[in-house]
Amino acid sequence: QVQLVESGGGLVQAGGSLRLSCAASGRSLRSYAMGWFRQAPGKGRERVASIGFSSSNTYYADSVKGRFTISRDNAKNTVDLQMNSLKPDDTALYYCAADRGTGWSSPTWGQGTQVTVSS
């Protein structure tokens, strides 16, 4: 079983940037699709971005296209999310997720890292 630990969250002003990192242990991430999800207070969890095994396939939610970039380093067993031009609506608890063939219906989750964007 893979374990995921997120870092890099914090408080930033609107228009600023943050870089989230997800470090994996227990298993190599090479056979997992990786994703970042977020959940704001009172809302459901949504997939923000995801990346396939070889980085050839990426997905971005419409709300973050052009502002967020997901990347992975299989040698380091890490996945990052670069977030630019942050908006107050990006405020949420961000989770790293590793999926092995479930179509994101049953991924392995990290514990989450808080991102707060002030206006």
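This report concerns the structure included in the present document. (Residues numbered from 1 in each chain as written. Predicted model: local features only at pLDDT ≥ 70, side-chain atom pairs only at ≥ 80, totals over all residues. Heavy atoms only, no water.)

**What about the nonpolar core?**
Residues Leu4, Met34, Trp36, Leu81, Met83 and Tyr94 are the most contacted members of the largest nonpolar core, which totals 30 residues. Counting residues per element, the ones that place at least two in this core are strand 3 (18–25), strand 4 (33–39), strand 5 (46–51), strand 7 (68–73), strand 8 (78–83), strand 9 (92–99) and strand 11 (113–118). (Core = buried A, V, L, I, M, F, W, Y, C linked by side-chain atoms within 4.5 Å. Buried < 20%, exposed > 50% of the residue type's maximum accessible area, 1.4 Å probe, protein only. Helix = DSSP H or I, 4+ residues; strand = E, 2+ residues; numbered from the N terminus.)

**Regarding unusual backbone geometry**
One non-glycine residue, Asn77, lies in positive phi territory at about 60°. Note on placement: Asn77 falls in the loop between strand 7 and strand 8. Phi at Ser85 is positive, roughly 50°, even though this residue is not glycine. Residue position: Ser85 is located in the loop between strand 8 and strand 9. We classify Ser85 as partly exposed; its relative accessible area is 40%.

**Focus: the state of the cysteines**
One pass over the structure, following the stated rule, counts one disulfide. In this model, Cys22 is linked to Cys96 through a disulfide, with the two sulfur atoms separated by 2.1 Å. Judged by the torsion about the S-S bond (-80°), the Cys22/Cys96 disulfide is left-handed. Of this pair, Cys22 sits in strand 3 while Cys96 sits in strand 9; the two residues are 74 residues apart in sequence, bridging distant segments of the chain. (Disulfide = S-S within 2.5 Å.)

**Details of the side chain of Arg38**
Locating Arg38 in the fold gives a position in strand 4. Polar contacts involving the side chain of Arg38 include one to the side chain of Glu46, which spans 2.7 Å. Among the polar contacts listed, one links the side chain of Arg38 to the side chain of Asp90, at a separation of 2.9 Å. In this view, Arg38 contacts Gly44, Arg45, Glu46, Val48, Ser63, Val64, Phe68, Asp89, Asp90, Ala92, Leu93 and Tyr94; residues no more than four positions away in its chain are not counted. (Polar contact = N/O pair within 3.5 Å; in protein donor to acceptor, adjacent residues only side chain to side chain. Contact = heavy atoms within 4.5 Å.)

**A short note on the sheet that holds strand 8**
A sheet is described by the order of its strands in space; here four strands give the open sequence 1-3-8-7, paired in antiparallel fashion. The open sheet has two free edges, formed respectively by strand 1 (3–7) and strand 7, since each of these has just one partner strand. Taken pair by pair, the neighbouring strands of this sheet meet at an average axis angle of 15°, ignoring direction. Here strand 7 runs beside strand 8; their pairing, made up of six bridges, is antiparallel. Within strand 8, the residue paired with Phe68 across the bridge is Met83. (Pairing = 2+ DSSP bridges. Axes fitted to C-alpha atoms, helices over the stretch in contact; angles between N-to-C directions.)

**Digging into the pairing of strand 4**
Within a regular strand, the side chains alternate between the two sheet faces. Counting buried positions along strand 4 yields six of seven residues, so the element is predominantly enclosed. Relative to strand 9, strand 4 runs antiparallel, the two being bridged by seven bridges. Note on strand 9: the bridge partner recorded for Gln39 is Leu93. Inspection of the sheet shows strand 4 paired to strand 5 by five bridges, in the antiparallel sense. Paired with Gly35 across the two strands is Ser50, which belongs to strand 5. Here strand 4 hands over to strand 5 after six residues, with Gly42 in that stretch at a positive phi of 80°.

Coordinates in, geometry out; function isn't part of it.
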